[in-house]
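Examining the three-dimensional arrangement
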Amino acid sequence: MTSILITGGAGFIGSNFAHWVLANTDATVTVLDAMTYAANEASLAGLPENRFQLVRGSVCDADLVDELVSRHDAVVHFAAESHNDNSLDGPAPFIQTNIVGTFILLQAVRKHDVRLHHISTDEVYGDLELDDPAKFTPQTRYNPSSPYSASKASSDLLVRAWVRSFGVQATISNCSNNYGPRQHVEKLIPRQITEILEGRRPKLYGAGLNVRDWIHVDDHNSAVWTILESGRLGETYLIGADGELDNKTVIELILELMGQPTDAYDHVNDRPGHDLRYAIDATMLREELGWQPEYTNFRDGLAATIDWYRNNESWWRPQKAATEAAYAAKGQ
Ligand code: NAD
Ligand code: DAU
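The following refers to the structure shown. Computed from a prediction, not measured in an experiment: that's the story for all the values here. Position numbers for residues count from 1 along each chain, tracking the sequence in the order it is written. Going through the entries in the order they are written, you letter the chains from A and number the ligands from 1. Residue-level local features of this predicted model are given only where pLDDT is at least 70; pairs of side-chain atoms are given and counted only at 80 or more, and the full residue set underlies all totals for whole chains, interfaces and linings. Computation of side-chain values: all heavy atoms of the structure, hydrogens and water removed.

1. Considerations on the sheet that holds strand β1 (residues 3-7)
Put simply, the test is: Pairing between strands is defined by DSSP: at least two bridges between them are needed. Strands here are runs of E lasting at least two residues and helices are runs of H or I lasting at least four, both read from the DSSP assignment and numbered beginning at the N terminus. Lines fitted to the C-alpha atoms define the axes, with helices restricted to the stretch that makes contact. Angles between their N-to-C directions range from 0 to 180 degrees. A contact between two residues is defined here by any heavy atoms of the two lying within 4.5 Å.
Here seven strands make up an open sheet; going across it, the order is β3-β2-β1-β4-β5-β6-β11 and the pairing parallel. Among the strands making up the open sheet, the edge pair consists of β3 (52-56) and β11 (236-239). On average, adjacent strands in this sheet sit at an angle of 20 degrees to one another, irrespective of strand direction. Pairing geometry for strand β5 (residues 115-121) and strand β6 (residues 170-175), over six bridges, is parallel. Within β6, the position partnered with Ile119 by the bridge is Ser173. Taken strand by strand, helix α1 (residues 12-24) contacts β1, β2 (28-33), β3 and β4 (74-77), and its axis lies near 170 degrees from that of β2. On top of the sheet, helix α2 (residues 62-70) reaches β1, β2, β3 and β4; it is set at about 170 degrees to β2, its chief contact.

2. Quick look at the pairing of β4
Our working rule: Exposure classes here rest on a 1.4 Å probe applied to the protein chains alone. A residue is buried below 20% of its type maximum, exposed above 50%, and partly exposed in between.
Of the two faces of β4, the one lined by Ala74 and Val76 and the one lined by Val75 and His77 are each fully buried. Both β4 and β5 contribute to a ladder of four bridges, which runs parallel. Looking across to β5, one finds that Val75 is bridged to Leu116.

3. Comments concerning the packing of aromatic side chains
This is how the line gets drawn: The aromatic pairing rule takes the rings of Phe, Tyr and Trp, using the six-membered ring of Trp, and pairs them if the centres are within 6.5 Å, calling planes under 30 degrees apart stacked, those over 60 edge-to-face and the rest tilted. Both a distance and an angle decide whether a charge sits over a ring: NZ of Lys or CZ of Arg must be within 6 Å of the ring centre and within 35 degrees of the ring normal.
Evaluated as defined, the whole model comprises 13 aromatic pairs. Where Tyr125 meets Phe136, the ring centres are 5.2 Å apart and the plane angle is 35 degrees; that geometry is what we call tilted. Of the two residues, Tyr125 sits in the loop between β5 and α5 (147-166) while Phe136 sits in the loop between β5 and α5, which places them 11 residues apart along the sequence. We classify Tyr125 as buried; its relative accessible area is 3%. Put simply, the rings of Tyr125, Phe136, Tyr142 and Tyr278 pair up and form one aromatic cluster. Its guanidinium or amino end placed over the ring of Phe166, Arg110 lies 3.5 Å from that ring's centre, counting from NZ or CZ. For the cation-ring pair, Arg191 lies above Tyr327, with the distance from its terminal atom to the ring centre recorded as 3.8 Å.

4. Considering helix α10 (residues 298-311)
Using the following cut-off: Take the residue count of a helix, subtract one, and multiply by 1.5 Å to get its expected span. Here the arc refers to the set of directions running from the helix axis out to each C-beta atom. We define a polar contact as two N or O atoms separated by no more than 3.5 Å, with the added condition that, inside protein, one atom must be a possible hydrogen donor and the other a possible acceptor, whereas residues neighbouring each other in sequence contribute only through side-chain atom pairs.
Helix length check: α10 (14 residues) gives 20 Å between terminal C-alpha atoms against 20 Å at 1.5 Å per residue, within 8%. Looking only at α10, the buried set comprises Phe298, Gly301, Leu302, Thr305, Ile306, Trp308 and Tyr309. Looking straight down α10, one finds that the buried residues subtend no more than 155 degrees of arc, so they occupy a single side. Across α10 from its buried face, at more than 90 degrees, point the exposed residues Asp300 and Asn311. In this structure, the buried side of α10 is in contact with β7 (178-179), α6 (188-197), β12 (244-246), α8 (247-257) and α11 (313-329). Put simply, Asn297 is the residue that caps the front of α10, since its side-chain oxygen is 3.0 Å from the backbone nitrogen of Arg299.

Encoded structure:
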């Protein structure tokens, strides 16, 4: 791969992927991003000017997408509306970007015969019971719960159809919850870290027994690169690092690492339709492609993430007040 088009590359995972690719490979990178509320241009600061370009525009702009795809070797498609709570408040942009945007991209990679890797989520599988020993596998039935996860499931099915009917050279990955630097303050971990930095108490939805399967964003991205280079075309790979924890435990750990009493948090209104538990079985990725995560100690990865937010207040400060105002209006 010598030139990579990264859609959604000014968001959390995509910007970390741009940094990862430019640091670990010789490829050049173009980011296509609509610069929605979730984007942050500061996330792309410091990238080498001779190998990196930011294009402001939407994956729903067919002419722009066609032109960009025609001059790249591969596309990694991160662009999406990504937040479940927002999808409950206003699903329309999720349908437009996540479904229509993926369709437009598929038409372009089909026309120009360009390699595509589609980034998706474990949420397409719905949720597991708390006491169920099972994990999600590539054979698990799609059963999405929220408008967000339904839109991502739809996009996955479009990719599968374009592979089968038109021979598009695509792979798909479904990853679990990411954490690390440059994540928007609307998400669980950055929200609580920045609440504590602001002198307020973390906010736990409901009883907080819901389980998420945490993976460091750099491990997600090294897996994506492995699939891009060595994955079988048409295949779906699940990405996870055996990081299951309930939300209450995550908040208590953040409080402990930030020197606060571990019970200094508030219970707030639960999320409607709140998925209970996600868990990924990444055996296929590990055994077939030899991928392994580097961040196997969540406590250490979380401590480094806390340090990043402490040291980068100017990155998150502009987004914080509006994010909290929207949550407060819902009793969250
Ligand atoms: P994010 O919300 O931080 O970033 C999304 C980016 O997409 C933003 O920069 C935004 O401006 C851009 N975007 C939105 N609409 C666009 C459009 N129409 N055209 C171009 N760009 C547009 O999201 P994230 O957490 O980085 O997630 C990235 C991808 O990874 C998504 O596809 C998401 O479904 C998937 N994913 C996320 C996680 C996670 O834990 N965050 C886990 C698994 C999969
Ligand atoms: O599983 C992968 C998914 O992980 C991705 O597809 C999504 O894009 C990403 O946003 C994430 O979805 P979640 O809904 O799991 O992430 P979120 O950070 O919003 O919430 C994580 C858990 O924490 C969830 O059970 C809700 C809870 N929560 C969240 C917030 C913001 C709280 O208890 N308090 C909060 O303030």
